[in-house]
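Here is how the chains run, residue by residue.
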Amino acid sequence: MSASPEQVVRAWVDAFNAGDVDGLERLYAEDAVNHQVAYEPLHGRSAIRALFEREFARARMVCVIENLFVDGDRAILEWSDPLGLRGCGIFHVADGRIVHQRGYFDKLSFYRAQGLPLEKALEE
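Reading the values: the criteria
Residues numbered from 1 in each chain as written. Predicted model: local features only at pLDDT ≥ 70, side-chain atom pairs only at ≥ 80, totals over all residues. Heavy atoms only, no water. Salt bridge = Lys/Arg side-chain N within 4 Å of Asp/Glu carboxyl O. Helix = DSSP H or I, 4+ residues; strand = E, 2+ residues; numbered from the N terminus. Buried < 20%, exposed > 50% of the residue type's maximum accessible area, 1.4 Å probe, protein only. Pairing = 2+ DSSP bridges. Contact = heavy atoms within 4.5 Å. Axes fitted to C-alpha atoms, helices over the stretch in contact; angles between N-to-C directions. Phe/Tyr/Trp six-rings, centres within 6.5 Å; stacked < 30°, edge-to-face > 60°.

**Some details on the pattern of salt bridges**
Inspection of every chain in the model, using the stated rule, returns eight salt bridges. Linking Arg45 and Glu30 is a salt bridge whose minimum nitrogen-to-oxygen distance equals 3.1 Å. Highlighted residues: Arg45 in helix H3 (residues 45-58) and Glu30 in strand E1 (residues 28-36), separated in sequence by 15 residues. A relative accessible area of 54% means that Glu30 is categorised as exposed. A salt bridge links Asp73 to Arg74; the nearest nitrogen and oxygen atoms lie 2.9 Å apart. The exposure class assigned to Asp73 is partly exposed, which follows from its relative accessible area of 32%. Judged by its relative accessible area of 39%, Arg74 falls in the partly exposed class. Residues participating in the shared-partner salt-bridge network are Asp22, Glu25, Arg49 and Glu53.

**Brief notes about the sheet that holds strand E6 (residues 97-105)**
Strand order in this open sheet of six strands is E2-E1-E6-E5-E4-E3, and the pairing throughout is mixed. Strands at the two margins of the open sheet, each flanked by one partner only, are strand E2 (42-43) and strand E3 (64-71). In this structure, strand E4 (residues 74-80) lies alongside strand E5 (residues 86-94), joined through seven bridges in antiparallel fashion. What sits directly across from Ile76, in E5, is Ile90. Lying over the sheet, helix H1 (residues 5-18) contacts E1, E3, E4, E5 and E6, oriented at roughly 160 degrees with respect to E3.

**Regarding the packing of aromatic side chains**
On inspection of all chains with the given rule, the structure shows seven aromatic pairs. Taking 5.3 Å as the distance between ring centres and 65 degrees as the angle between the ring planes, the aromatic pair formed by Trp12 and Phe91 counts as edge-to-face. Within this pair, whereas Trp12 is found in helix H1, its partner Phe91 is found in strand E5, the two being separated by 79 residues in sequence. The pair formed by Trp12 and Phe91 is uniform in burial state, with each residue classed as buried. Measuring from ring centre to ring centre gives 5.9 Å for Phe52 and Phe56, while their planes differ by 20 degrees; the resulting arrangement is stacked. Placement of both Phe52 and Phe56 in helix H3 is noted, with a separation of four residues, approximately one turn of the helix. For Phe52, a relative accessible area of 5% gives the class buried.

If you want it as structure tokens, here you go:
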């Protein structure tokens, strides 16, 4: 039996908080889509891996589960972090892998909280 959407999202949060790019990559289907609304959609596991490699190299990110709702093959994660950021992720899970992820967060607040140059936020 494959992992449930809740199990997959909890594993995702654990890997994310550990900065475990390999662990995150394993949770996605080969042809998965990750669309963080602040960025263009990413298609495929390798593109998603590259996103995590880049983001973990420039920022220390922590995901605290505020709420986790499951409806069939989808899980909705409301999260916060110790810096005061908040966001939401919607995960579509099939056969124990993430096939589609959509995330919502405020990009400018993220850059400010991480001490990153704001002009970079406007370029990306």
